[in-house]
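Structure at a glance
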Amino acid sequence: MGSLIGFASGLLFGLGLILAGMTNPAKVKAFLDLAGAWDPSLALVMGGAIALGMLLFARAARRRLAWSGAPMEIPTDRTIDRRLVLGGVLFGIGWGIGGFCPGPALVALGAELGAAQNNGLGSAAIFVAAMLAGMVLHDKFLVKG
Amino acid sequence: MTIDWIHFTPWASLLGGLLLALAAGLYLFGHGRIAGIAGIVAGPVNALLARTGQRAEAHRLAFVGGLLLAPWVWQVVLPLPPVMVDVGTPALVLAGLLVGVGARMGNGCTSGHGVCGLSRFSLRSLVNVAAFMGAGFVTVFVLRHVV
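Residues numbered from 1 in each chain as written. Chains lettered and ligands numbered in written order. Predicted model: local features only at pLDDT ≥ 70, side-chain atom pairs only at ≥ 80, totals over all residues.

1. A closer look at the packing of helix α6 (residues 123–141) of chain A against helix α4 (residues 89–105) of chain B
Note the following rule: In this analysis an axis means a line fitted to C-alpha atoms, helices contributing only their contacting stretch, and an angle means the value between N-to-C directions, from 0 to 180 degrees. A run of DSSP states H or I qualifies as a helix once it reaches four residues; a run of E qualifies as a strand once it reaches two. Both are numbered from the N-terminal end. Relative orientations are named as follows: roughly parallel for angles under 35 degrees, roughly antiparallel for angles over 145 degrees, roughly perpendicular for angles from 65 to 115 degrees, and oblique for any other angle. A clockwise turn of the near helix away from the far one marks a right-handed crossing, whereas an anticlockwise turn of less than a right angle marks a left-handed crossing.
Two elements in contact, α6 of chain A and α4 of chain B, have axes separated by 7 Å at closest approach and are oriented at 40°. Taken together, the axis directions place α6 of chain A and α4 of chain B in an arrangement best described as oblique. Between α6 of chain A and α4 of chain B lies a crossing whose hand is right-handed.

What follows is the structure, encoded as structure tokens:
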């Protein structure tokens, strides 16, 4: 049950990213480029997601168990520290350089794996490999400094 | 500021955003978890590569499987939009490393802090989103208009 829900959620999330145009790094960068020809699309993606998300999260907060029977695990951490800010800054620099963040990069990798894009295994695969390396690097060596 | 009206896709992006919320809602109501992709990916990867004691949870692997298959399903109906990358391999490697380290250090990314965190009015997420948005704006400004 959990896996089925996980798969359906991932699939829906991926389709949403494609429809929103967010799997194209050029479009993400066009949003981040305030001084150039600015494409505000990403703001509408976030606006739409958060508007509906607020309704859904408010309802979910009253539940004790999920449909699968698993407990609701809504974060309770309220710590605002240097790691939270520095992590965001590093993430943002990487996001600005490549135009990829984790979700869209995985969807783009899926397209490359199927050679769905004609350019074959390429940018997304390189980015995802480096991203996974970065995650492991952090979790193995940089936890709680 | 000039708006790029040619590439601006208000309706598709708004609708895509609604789908993201539906997907996050399904994961939350269905299995009680936050759809934060950095965390979802890091769990299994750590379990397999880093031996940090975490388990490769099946529902997380399934979520990643869904993301990877999304373009295949999309293609049954419509042609995929292009994936245009304007930087070379060294820059992509650097970008990936920064995104990977940053997402784990800040404990979330555009989905976990951005979509889910802001939806539940988390101040912690707002601080992280402000940090990565700000850094993203500055980085693109420097790379495109200064360097």
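2. Looking at the packing of helix α3 (residues 41–60) of chain A against helix α5 (residues 110–119) of chain B
Any two packed helices are characterised by how steeply their axes cross, that is the angle between the axes, and by the distance between the axes. Put simply, the rule is: Remark: residues whose backbone-derived C-beta atoms lie within 7 Å of one another are considered to be in contact. Following the grouping adopted for this structure description, the nonpolar residues are Ala, Val, Leu, Ile, Met, Phe, Trp, Tyr, Cys and Pro, the charged ones are Asp, Glu, Lys and Arg, and the polar ones are all others, Gly among them.
Across the interface, α3 of chain A lies against α5 of chain B with an axial gap of 7 Å and an inter-helix angle of 45°. One finds that α3 of chain A runs oblique with respect to α5 of chain B. Where α3 of chain A crosses over α5 of chain B, the two elements pack in a sense that is right-handed. Here α3 of chain A contributes Met46, Ala49, Ile50, Gly53, Met54 and Phe57 of chain A to the contact with α5 of chain B, which in turn contributes Gly114, Val115, Cys116, Leu118 and Ser119 of chain B. Each residue belonging to the contact of α3 of chain A with α5 of chain B can be placed in one class, and the counts come to eight nonpolar, three polar and no charged.

3. Observations regarding the nonpolar core
Here is the rule: Note on terminology: a nonpolar core is any set of buried Ala, Val, Leu, Ile, Met, Phe, Trp, Tyr and Cys residues joined through C-beta atoms within 7 Å. Residues with at least 20 other C-beta atoms within 10 Å of their own are called buried, those with 12 or fewer are called exposed, and the rest are partly exposed. The C-beta atoms themselves are positioned from the backbone.
Counting residues in hydrophobic clusters, the biggest one holds 88 residues, and the most contacted among them are Ala49, Ala105 and Phe127 of chain A together with Ala23 and Ala24 of chain B. Counting residues per element, this core draws most heavily on helix α1 (residues 2–20) of chain A, at ten residues. In this structure Ala49 of chain A touches Gly17, Leu18, Leu20, Ala21 and Val115 of chain B, once residues within four positions along its chain are discounted.

4. Let's talk about the interface of chain B and chain A
Counting residues at the interface gives 109 residues for chain B and 112 residues for chain A. Here the side of chain B that touches chain A gets 21 residues from one element, more than from any other, and that element is helix α1 (residues 10–31) of chain B.

5. What about helix α2 (residues 25–32) of chain A?
Extensive coverage of α2 of chain A is indicated by the burial of seven of its eight residues. Residues Pro25, Lys27, Val28, Lys29, Ala30, Phe31 and Leu32 of chain A constitute the buried set of α2 of chain A. Looking at the buried positions of α2 of chain A, the neighbouring elements they touch are β1 (37–38), α3 and α4 (82–98) of chain A together with α6 (123–146) of chain B.

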